[in-house]
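# What the coordinates show
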Amino acid sequence: MTSRIPRDSRLRLVRPRPLAAAPRAMNQQRSRRPAPRPPEGTPAPAELARMARSRLAGAARVARWADAALGPGRGSAAADGRAILSDATVEWAAGDLGLTPAQVRADWDTARLAGLIEVHGDTARPGWRLRAWDRDDSAVLRGWVALFDAWSLAHPEPEDHGPAAVGEVVSAMPQVLSFLQLSAGPVPVPQLLDLLQQRVTELRTERCEIDYGPRPSGPARPEPELGPPVPALALTGPGADDAQLAPLLDWALRALASVGALTYGEGQATLTPLGSWAVWVKLEQICVAAQSPAGNIEQGAEDMLRGCAQLRPNAARAEYRAWLAARPVGSAVTELLDAARGEDALLRGLAFEALRVVGAPAEPEVRAVHDEPTLRPYALLWLAEHEGADPEDAHEVLTRAEATWLWVDTAAAVADHGEAPLLVRHLESAVQPTVPALLNEVRAVGHPRTVQVLVALAAAHPDPALAKAARRAAFQVHTGG
């Protein structure tokens, strides 16, 4: 008589492998679009890298000094738990390097913005770009672009203007920089001011800033018989006039000049070769996204991620970069995290893949959400990889329950968007050594999609004994057992 009791030998899983994102249901052919060529007159990458090394020489010098003098076991560079150089350390560095304390602080801040020094919590350590500084031109150019992207932090903003006005100018400057790049030469400041004024007005109009105040004086008009009087519409907030924007434009141009993106003087501004190349790269990224089949650049984060779900990893990363290039980093990170909080588990995984493209600027927001149950496993993996852990070993930061929750979440993504064989192969990524152990812990983990995942697994798996065990577990979860 044949027993129907499942045997361990039939239900034992293969050796656990690191958890990975849900496999793509379909693949798309690689694009045959030829690599774009920069505008005529753009220096070669090696020459651009030489310019970037020259611009960041002081920052690299301070970073190397900190690496040698403040390495593990040699003391701390931080003050007040914020990875800011203490006064004693500044004096020490100034004496060793023959600089003034102000120069040391300025070079330290530049090194942080360029990724030569990476800040993690309340500690700082040499970044990977510093290790590759002398041999990898692409690392040097990425470091300078990171500094270019942070231009608004490189120069103190005017104290007599509110953060809203400063934010408007920061949001409007990409259009000003694009105009400078297309002009390919000096542009008078009054012309830039007029362009900035137009762009700020457009931003305010897009936000529908209206004032339901008194109607302007004039001849009386009959009111409709029904309903209240219709208020006149007028832009609120400070007007985008020259008197208010001129000092902010001056600040923005000086900040961009301080990072080496342009030259500014005698009433005109001109992009440097580095600045012109960086603006061209960002414009090219935007154009690539606009020409993509999904048109992701104009979509919100959720629709953009859905459009990238069926792309190969490299193509998806290119779409993420282009989408991010068209938005301020802060709002883009917020959008991605909001998409990750939704019900679609596939979008959750893709959102954190896009956040890996963002890199260091996303760390504060990711660290702030790592206590949310839905996002915690993804955030912990992201932070571990960001802090230097090997992606193959990053899963070790998760507890058993967190790893099980992530397994169920990833299985939900596979069940919703993949094929049955993918869900069966997903068993290989479980941390539990046997199916009974996996099912016991899956039932206890409390994921909202547990029942659907177990039912899908039972329907997909060819082993009748395993399918029956999965259905039984699904019924027990459904009935609260």
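See above for the structure.
Right, let's walk through the structure included here. (Residues numbered from 1 in each chain as written. Predicted model: local features only at pLDDT ≥ 70, side-chain atom pairs only at ≥ 80, totals over all residues. Heavy atoms only, no water.)

### Quick look at the sheet that holds strand β5 (residues 187–188)
Operational definition: Here a strand pair is declared whenever DSSP counts at least two bridges between the two strands. Only DSSP runs of H or I covering at least 4 residues are called helices, and only runs of E covering at least 2 are called strands; the numbering of each starts at the N terminus. Any pair of residues with heavy atoms lying within 4.5 Å of one another is described as a contacting pair. Note on geometry: axes are lines fitted to C-alpha atoms, helical ones only across the stretch in contact, with angles between N-to-C directions running from 0 to 180 degrees.
Sheet architecture is open: three strands sit in the order β5-β7-β6, paired in antiparallel fashion. Sheet topology places β5 and β6 (262–265) at the edges, where each strand pairs with a single neighbour. By the bridge criterion, four bridges tie β6 to strand β7 (residues 268–271) in an arrangement that is antiparallel. Considered in β7, the bridge of Thr 263 is made with Thr 270. Against the sheet, helix α8 (residues 163–183) touches β5, β6 and β7, its axis set at about 75° to β7.

### Overview of the packing of helix α18 (residues 400–417) against helix α21 (residues 450–460)
Quick reminder of the rule: Convention used here: angles under 35 degrees read as roughly parallel, angles over 145 as roughly antiparallel, angles from 65 to 115 as roughly perpendicular, and any remaining angle as oblique. Each crossing is labelled by how the near helix is turned from the far one, with a counterclockwise turn of less than a right angle marking it left-handed and a clockwise turn marking it right-handed. The residue classification treats Ala, Val, Leu, Ile, Met, Phe, Trp, Tyr, Cys and Pro as nonpolar and Asp, Glu, Lys and Arg as charged. All others, Gly included, are polar.
At their nearest, the axes of α18 and α21 sit 9 Å apart, and the two run at 60° to each other. It follows from the interaxial angle that α18 and α21 lie oblique. Pair α18 / α21 crosses with left-handed handedness. Here Trp 407, Val 408, Ala 411, Ala 412 and Ala 415 of α18 lie close against α21, whose contacting residues are Thr 450, Val 453 and Ala 456. Residues belonging to the contact of α18 with α21 are distributed by class as follows: seven nonpolar, one polar and no charged.

### Re the packing of α18 against helix α20 (residues 435–445)
Where α18 meets α20, the axes come as close as 9 Å, and the angle between the chain directions of the two elements is 90°. Overall, the two elements α18 and α20 adopt an arrangement that is roughly perpendicular. Contact residues: Arg 400, Ala 401, Thr 404, Trp 405, Trp 407 and Val 408 in α18; Leu 438, Glu 441, Val 442 and Val 445 in α20. Residues of the contact of α18 with α20, tallied by class, amount to seven nonpolar, one polar and two charged.

### Description of helix α14 (residues 329–340)
Because each turn of an α-helix spans 3.6 residues, side chains separated by three or four positions in sequence point in the same direction. The criterion, for reference: By this rule, a helix spans an expected 1.5 Å times one less than how many residues it contains. In this scheme, a residue with accessible area under 20% of its type's maximum is buried, one over 50% is exposed, and one in between is partly exposed, where area comes from a 1.4 Å probe on protein chains only. Throughout, the arc means that of the directions going from the helix axis to the C-beta atoms.
Between its terminal C-alpha atoms α14 stretches 16 Å, which fits the 16 Å expected from 12 residues at 1.5 Å a residue. Within α14, burial applies to Ala 332, Val 333, Leu 336, Leu 337, Ala 339 and Ala 340. Around the axis of α14, the buried residues are gathered within 160° of arc, so they sit on the same side.

### Overview of the packing of aromatic side chains
We count it as follows: Centres within 6.5 Å are what make two rings of Phe, Tyr or Trp a pair, Trp counting through its six-membered ring; a difference in plane orientation under 30 degrees is then read as stacked, over 60 as edge-to-face, and the rest as tilted.
On inspection of all chains with the given rule, the structure shows four aromatic pairs. Between Trp 144 and Phe 148, the aromatic rings sit 5.5 Å apart at their centres with planes inclined by 10°, giving stacked as the arrangement. Taken as a pair, Trp 144 and Phe 148 lie in helix α7 (residues 137–149) at a separation of four residues, close to a single helical turn. With relative accessibility at 0%, the residue Trp 144 sits in the buried group.

### Here we look at a negative patch on the surface
Stated precisely, the cut-off is as follows: Without a salt bridge and with relative accessible area above 30%, a residue can belong to a patch; like charges are then joined within 9 Å and nonpolar side chains (Val, Leu, Ile, Met, Phe, Trp, Tyr) within 5 Å. The method behind every accessible area is Shrake-Rupley, applied with a 1.4 Å probe, and residues are considered shielded solely by the protein chains displayed. Only one rule defines a salt bridge in this text: a Lys or Arg side-chain nitrogen within 4 Å of an Asp or Glu carboxyl oxygen. Positive charges come from Lys and Arg alone, negative charges from Asp and Glu alone, with His and the N- and C-terminal ends not counted. Where a charge lies is defined by one atom per residue type, namely NZ (Lys), CZ (Arg), CG (Asp) and CD (Glu).
A cluster of acidic side chains, namely Asp 390, Glu 392, Asp 393 and Glu 396, defines a negative patch on the protein surface. Position of Asp 390 relative to the elements: it lies in the loop between α17 (376–386) and α18. Asp 390 gets classed as partly exposed once you look at its relative accessible area, which sits at 41%.

### Remarks on the pattern of salt bridges
The tally for this structure, following the rule as stated, stands at 22 salt bridges. Put simply, Glu 168 and Arg 204 hold a salt bridge, and the shortest N to O gap is 2.8 Å. With Glu 168 in helix α8 and Arg 204 in helix α9 (residues 189–206), this residue pair connects regions lying 36 residues apart in the sequence. As far as the burial class goes, Glu 168 and Arg 204 line up, both buried. In this structure, a network of salt bridges that share partners links the residues Glu 302, Arg 306 and Asp 344.

### Brief notes about the nonpolar core
Keep this limit in mind: Remark: nonpolar core denotes a set of buried residues (Ala, Val, Leu, Ile, Met, Phe, Trp, Tyr, Cys) joined through side-chain atoms within 4.5 Å.
In terms of nonpolar packing, the biggest core is built from 66 residues, with Leu 116, Trp 144, Met 173 and Leu 196 touching the most fellow members. In contact with Met 173, other than residues within four places in its own chain, are Trp 151, Leu 196, Leu 249, Ala 252, Leu 253 and Leu 256. Listed in part, the 63 residues of the second largest apolar core include Leu 406, Val 453, Leu 454 and Ala 473.

### Thoughts on the environment of Ala 146
Relative to the elements of secondary structure, Ala 146 occurs in helix α7. Sequence separation between Ala 146 and Arg 112 is 34 residues, and the spatial gap between their C-alpha atoms is 9.7 Å. With residues near it in sequence (within four places) discarded, Ala 146 still touches Leu 113, Ala 114 and Arg 129.

### What to know about unusual backbone geometry
Not every positive phi belongs to a glycine, and Ala 184 is a case in point at roughly 55°. Secondary-structure assignment places Ala 184 in the loop between α8 and β5. One non-glycine residue, Glu 266, adopts positive backbone phi at about 55°. Tracing the sequence through the fold places Glu 266 in the loop between β6 and β7. Take Glu 266: its relative accessible area is 82%, and that puts it in the exposed class.

### Here's the deal with the side chain of Gln 181
Along the chain, Gln 181 turns up in helix α8. The buried category is assigned to Gln 181, whose relative accessible area is 9%. Apart from the residues within four sequence positions on either side, Gln 181 is in contact with Pro 39, Leu 271, Ser 276, Val 279, Trp 280 and Leu 283.

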